[in-house]
Each structure stands twice: as C-alpha cells, then as structure tokens.
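Chain by chain, the residues:
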Amino acid sequence: MTDTHHHTHSHGPPPPVSAHLRRVIAAVLIPFAAAVAAGLLLLWPGGAPTAGDEHTGVGYDQQFEDAKVIAIEEMNCADIGVQVPRGVDDTCEQATVEVTSGPHAGRTFHEVVPPDATQKFHTGQKVIVAYAPNAPEELQYSVTDVDRKFPILLLAAVFALAVVLVGRLRGLLALVGLVVSFAVLTLFILPAILHGSNPLLVAVIGGSAIMLVTLYLCHGVNARTSVAVLGTLISLVLIGVLGSLFTAWAHLSGNTDDQTGLIHSLYPGIEIRGVLLAGILIGSLGVLDDVTVTQTSAVWELKAAEPDAGWLKLYRAGMRIGRDHIASVVNTLVLAYAGAALPLLLLFTVAQASVGTVAFSELVSEEIVRTLVGSIGLVASVPVTTVLAALVVSADRPPGAGPGGTGATSRRRRRRKR
C-alpha cells in the first residue's frame, strides 16, 4: 500500500506472537471471514441483469463500434442548419468518419462539429461511434467519444512499473490486491446491487472481502495485520451506522444527478439511498486500511524499541503519531471529495443564492454527509486501532517470558543474537 503521509510502515515482518494470542485473534476473525464468505455465496449475482437481447440505447447501453476521422471540412453553420450563439464564430466543421469495425466496416458518415463544441476532431483521429439499428440509414451512426485506449493503458503500465520498481514484492502484491478489489467490485458489488440486493449489505460484504484479501496479501498473515483488520471492521461499522442515521434524518434520497436518475429509471427496484450509503463505505475503505495498518505498525515498532513499555504508554505514544495522521488524512479525504465535486462547486459559486441555501440543498448536503461520516470513521479508527494494538502487543507472552512481561528475557535474547 503506497502512502504519502508523514508516517512509517514497518520494513520487516513482525515477531511471532504466542500460540494463545493467535488463538484469541483467530476466534474473532475466523467467524467474521466465514460470515463474509457465506454472504458472498448467498448474494452472488451471477452477472449483471439484462433487459433482453436488445440494447436500450440509453447511456452506455448501446452498440459501439470503432471508427476513424478521414477528412475535416469547414462549412458555414447556416448552410447546414446549425444555429450558434450570438458572438460565436459561425464556421462549423464537418467530419467525415469511416466505421472500422462491426458489420458495416467501411461505411462513412458525416458528423457536424459546431464552433462552441468542447471536443474537436482531426484527420486520422480514432473515435468511438454508437450504432442505432432502428434509425434511418444516414442516422444510424454517430460519434460519441474519442478512442483513448492507448494513453490510458500506457499510463496504467507506467503506474504498475513504478509500483513494482519502488515497492518490489510488496508493490507486486499491492497490484494483485488492486486487481482483486476491482474484481470484487465488478463481479459482485455492482451486479448484486443491480439484481436488487440491499446495497448497504452488499457493500459491507464486498468491502469486507476486499479488506481481508488485500490486507493479508500485502502485509502478511500475522497478528499485526489481524489487529488492523479488526480496527478497520469496527470503523466500517461506525461509518455504516452514522451514514444510515444521517442520510435518513436529513431525508437524502441519493437521486441527485443524471446517472442515479437513469439507473433508477432502468432498474426501479434498486434502493438509491442504499447506493449512496454503499458509496460512502467503499470510498472510505481505502483510506481506512492505510490508517489502521500505519497505527498498528507504529505500536509494534514502539514495543520493539521499548519492550518494557506497558499498554497505556504504548497507546499514548501511538496516539501522538496518530494525531498527525488524522490531520493529514482528513484533509486528504475532504480535498478528494471537493475535487470530485469541483464542477458542482463551480455552479454554486456563480449561482445567485445564499451560502445556507446552497449548503443545505440535497446535492451539496449529500457530499457533506459523505465527507463528514467518512472523516468521523477515519478519526475514530486511530484510537480504536491504537488501543487494540497496544493491548494485543502487551498481552503477548512469547515462550520464555516471565509473568512480568517480555523485557528482561527479550533483552537477553537480543544480546545473544548480536
């Protein structure tokens, strides 16, 4: 797991813990993992639902083909019946597009580009076209987007190479965890919601599966990772409870944009408010993992540096680290949500409405609840995980340690090793 905040993950594997402590942790985590596995089996959707063999023609549910712009011709907008706003240049472009895939490969059609269009074309550019089989022949194809596969895949390859070069084996395992997360999201969470399962329940089960696989894969099957899993689980439960409470109390429907409206029209059985809660949970999960792993690693390192320290001293020292972490992580989360909602914020900036009217509208209130609930969960994860880690590492009794702790024995063991 990559991290840009001011904290340190442990560089080596944690020392083994006693068999008794392993049994205690297993008694908590094994039933939880079994419940997650049972939930996956019971709610497994078996693919996204389809409305039939025909495409609806709405949104992305269309038939798409590859095409290429073969010519660009400038024309007067009035000559081709295109009206432009006053003060805008009235020179339009007419692109000749050739379909390069599908049953009509080789067919050409014209696409008019008005002067105020945000997307321009050039000769030789690859584009994506939508095919409407029931339309008149001259209107069956239309350009919907540009083909950007190569730059996106190249960027993904550069990202993967950078992660592996810097992270080495851990970086490779992080990439595997990323693939697992994407697989759970696309094969379980999204299809299960479309099949009408409770979105919040689906998000809890799917998010827990992602958490278990990625944390143990990236950080190893050990007590330190298990404590991070417990801290993440407790924080997720808190986020789910607060999210459910405040979305209901604030009467947030979750149906605030074109995408959710389209989903609701195509699948009326989906609980849109549940989709909002699921988004809050999944959006918080990645940062939660980072916080809990960091705090657990910090406590383990503090114990290694001072074996005689009691759990309370470890907790206080860990919290001093955690307070710095809280400040940076909360700021990161708020800025991430603000960046995602930047077009919305721009619209409200130019609107002739008071700050209160804007802030308490459903569209903005949804983002406020999403940000604050996630931030509360993140803040709570620091003391929760720190106290769990301090108690676990202090309760450990490796073989040879006396009832007073591991201090003297551990020091003698380290001196013998040196």
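Residues numbered from 1 in each chain as written. Predicted model: local features only at pLDDT ≥ 70, side-chain atom pairs only at ≥ 80, totals over all residues. Heavy atoms only, no water.

### As for the overall build of the protein chain
Argument step 1. Scanning the protein chain for helices and strands turns up eleven helices and five strands.
Argument step 2. For the protein chain, the residues scored as buried account for 37% of the 418 residues in total.
Argument step 3. Look at the contacts in the protein chain between residues 6 or more apart in sequence, and 69% of them connect residues 24 or more apart.
Argument step 4. Surface exposure of the protein chain reaches about 23,200 Å², of which carbon and sulfur atoms provide 65%. (Helix = DSSP H or I, 4+ residues; strand = E, 2+ residues; numbered from the N terminus. Buried < 20%, exposed > 50% of the residue type's maximum accessible area, 1.4 Å probe, protein only. Contact = heavy atoms within 4.5 Å. Areas by Shrake-Rupley, 256 points an atom, 1.4 Å probe, with all protein chains shown as cover.)

### Remarks on the confidence of the model for the protein chain
Fine structural detail should not be taken from predicted coordinates in areas where pLDDT scores are low.
Argument step 1. Residues at a pLDDT of 70 or more form 81% of the protein chain, whose mean pLDDT is 80.
Argument step 2. The lowest-confidence element of the protein chain is helix α11 (residues 407–417), averaging 45 in pLDDT; the highest-confidence one is helix α2 (residues 149–194), averaging 92.
Argument step 3. Here residues 399–418 is a poorly scored stretch, pLDDT under 50, and it has 17 contacts once near neighbours within four places are set aside; other chains count. (pLDDT = per-residue confidence, 0-100.)

### Considering the side chain of T292
Argument step 1. Mapped onto the elements, T292 comes out in helix α6 (residues 272–305).
Argument step 2. Aside from chain neighbours lying at most four places away, what touches T292 is A228, G231, T232, S381 and T385.

### Some points on the environment of A390
Argument step 1. Looking at the secondary structure, you find A390 in helix α10 (residues 362–395).
Argument step 2. For A390, a relative accessible area of 0% corresponds to the buried category.
Argument step 3. Taking the C-alpha atoms as reference, A390 lies 9.4 Å from R316; in sequence the two are 74 residues apart.
Argument step 4. Beyond its immediate sequence surroundings of up to four residues, A390 is in contact with V299, W311, L314 and Y315.

### Regarding the UniProt feature "transmembrane region" (unreviewed entry) in the protein chain
Argument step 1. The UniProt feature table records "transmembrane region" (unreviewed entry) at residues 24–44, 150–167, 172–194, 200–218, 227–250, 270–288, 326–348 and 368–393.
Argument step 2. Between the end C-alpha atoms of residues 24–44 there is a gap of 31 Å, over a span that is 95% helix and 0% strand. (UniProt positions renumbered as here; feature names shortened; annotations may be inferred.)

### A word on the packing of aromatic side chains
Argument step 1. What the rule picks out here adds up to four aromatic pairs.
Argument step 2. Ring geometry for W44 versus F188: centroids 5.8 Å apart, planes at 20 degrees, classification stacked. In this pair, W44 sits in the loop between α1 (19–43) and β1 (63–76) while F188 sits in helix α2, placing the two residues 144 residues apart along the sequence.
Argument step 3. Pairing F109 with Y141 gives two aromatic rings, centres 6.1 Å apart and planes at 20 degrees, and the pair type is stacked. With F109 in strand β3 (residues 108–113) and Y141 in strand β5 (residues 141–146), the pair connects residues that are 32 residues apart, well separated along the chain.
Argument step 4. A residue is classified by how much of its surface remains accessible, and Y141, at 5% relative accessible area, is buried.
Argument step 5. Members of the aromatic cluster, each reached through a chain of ring pairs, are F109, Y131 and Y141. (Phe/Tyr/Trp six-rings, centres within 6.5 Å; stacked < 30°, edge-to-face > 60°.)

### Quick word on α2
Argument step 1. The end-to-end C-alpha distance of α2, which contains 46 residues, comes to just 27 Å, noticeably less than the 68 Å that a straight helix rising 1.5 Å per residue would cover.
Argument step 2. Along α2, the largest kink reaches about 140 degrees and is centred on R168.
Argument step 3. Among all positions in α2, only V163, G171, L175, G177, S181, V184, F188, I189, P191, A192 and I193 are buried. (Expected span 1.5 Å × (residues − 1). Bend = angle between axes of the 7 residues up to and from the residue.)

### Focus: the state of the cysteines
Note on terminology: disulfide describes a covalent bond linking the sulfur atoms of two cysteines.
Argument step 1. Tallying each qualifying case throughout the model produces one disulfide.
Argument step 2. Two residues, C77 and C92, share a disulfide whose sulfurs are 1.9 Å apart. In this structure, the disulfide formed by C77 and C92 twists by about 110 degrees around the S-S bond and is classed as right-handed. Of this pair, C77 sits in the loop between β1 and β2 (91–99) while C92 sits in strand β2, and the two are 15 residues apart along the sequence. C92 shares its class with C77; the two are buried. (Disulfide = S-S within 2.5 Å.)

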